[in-house]
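# Understanding the architecture of this molecule
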Amino acid sequence: MKIKIREFKEEDTNFILSSWIKSSYSNITGYREKYGNYHKGLETIIKRKYASGEIVPYIACLDDDVDFILGFAVFGTDYTLHYVFVKEAFKRLGIAKQLLNHMYKSRKEITVSHWCKDVEHLKLIVTGN
């Protein structure tokens, strides 16, 4: 399976919003806002940041089918990683690593804006340990 990292297309919007919001909500510990409120609030923030040019999404897809999304990563223009998501069936295949390398090249330290249980795995990807 050959993987390609491509730029975001408007048709990717619903997939990114849905995946990001659902997966981030499931990773919340402690108090949880009602899902409807959480979804509406985070969607508003994401759309506003994208419209203002503050965030840049990249898509991991199949090389021979660029519309089949395997995962995505959303970066800030200041190189902050805001979110990385890989479909469950494609985890542990190096897709997140390819997405990070696309933006960060050989950087060994990155800043993340959302902390969740999977950040520990990302630490291994970035440091190579």
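Here the residue numbering is sequential within each chain, running from 1 through the sequence in written order. Totals for whole chains, interfaces and linings use all residues, but because this is a predicted model, local features are given only for residues with pLDDT of at least 70 and pairs of side-chain atoms are given and counted only at 80 or more. Side-chain metrics in this entry use all non-hydrogen atoms of the structure; hydrogen atoms and water are not considered.

### Looking at the confidence of the model for the protein
Put simply, the rule reads: Values of pLDDT, ranging from 0 to 100, describe the predictor's confidence in every residue of the model. Two residues qualify as a contact provided that any one of their heavy atoms is within 4.5 Å of a heavy atom in the partner residue.
In the predicted model, the protein carries a mean pLDDT of 85, and the fraction of residues at 70 or more is 85%. Counted against residues more than four places away or in other chains, residues 123–129, with its pLDDT under 50, gives 11 contacts.

### Points about helix α1 (residues 13–26)
The criterion, for reference: Under the scheme used here, helices are H or I runs from DSSP no shorter than 4 residues and strands are E runs no shorter than 2 residues, and both carry numbers assigned from the N terminus. Expected span of a helix: the number of residues minus one, times 1.5 Å. Three exposure classes are used, based on accessible area relative to the maximum for each residue type with a 1.4 Å probe and protein chains only: buried under 20%, partly exposed in between, and exposed over 50%.
For α1, with 14 residues, the first-to-last C-alpha span of 20 Å sits near the 20 Å given by 1.5 Å per residue. Within α1 the residues assigned to the buried category are Ile16, Leu17, Ser19, Trp20, Ile21, Ser23, Ser24 and Tyr25. Among the structural elements, α2 (35–51), β2 (55–62), β3 (65–76) and β4 (80–86) are those in contact with the buried residues of α1.

### Details of the nonpolar core
Counted only if it meets this: Side-chain atoms within 4.5 Å are what join buried Ala, Val, Leu, Ile, Met, Phe, Trp, Tyr and Cys residues into a set we call a nonpolar core.
Ranked by size, the top nonpolar core spans 17 residues in total, and within it Ala60, Leu70, Phe75, Ile95 and Leu99 carry the most contacts. In terms of residue count, helix α3 (residues 95–104) provides more of this core than any other element does, 6 residues in total. Sequence-distant contacts of isoleucine 95, that is, excluding residues within four places in its chain, are made with Ile3, Ala60, Leu70, Val86 and Phe90. Counting 16 residues, the second-largest nonpolar core is a separate cluster that includes Leu17, Tyr25, Ile55 and Ile69.

### Notes on the pairing of β2
When a strand is regular, its side chains alternate between the sheet's two faces. Convention followed: Strand pairing is assigned whenever DSSP detects at least two bridges linking the two strands.
The element β2 is largely enclosed, with a buried count of 7 among its 8 residues. Here 8 bridges tie β2 to β3, and the two strands are oriented antiparallel to one another. Its bridge partner being in β3, isoleucine 59 is matched across the sheet by phenylalanine 72. Between β2 and the antiparallel strand that follows it, β3, lie 2 residues.

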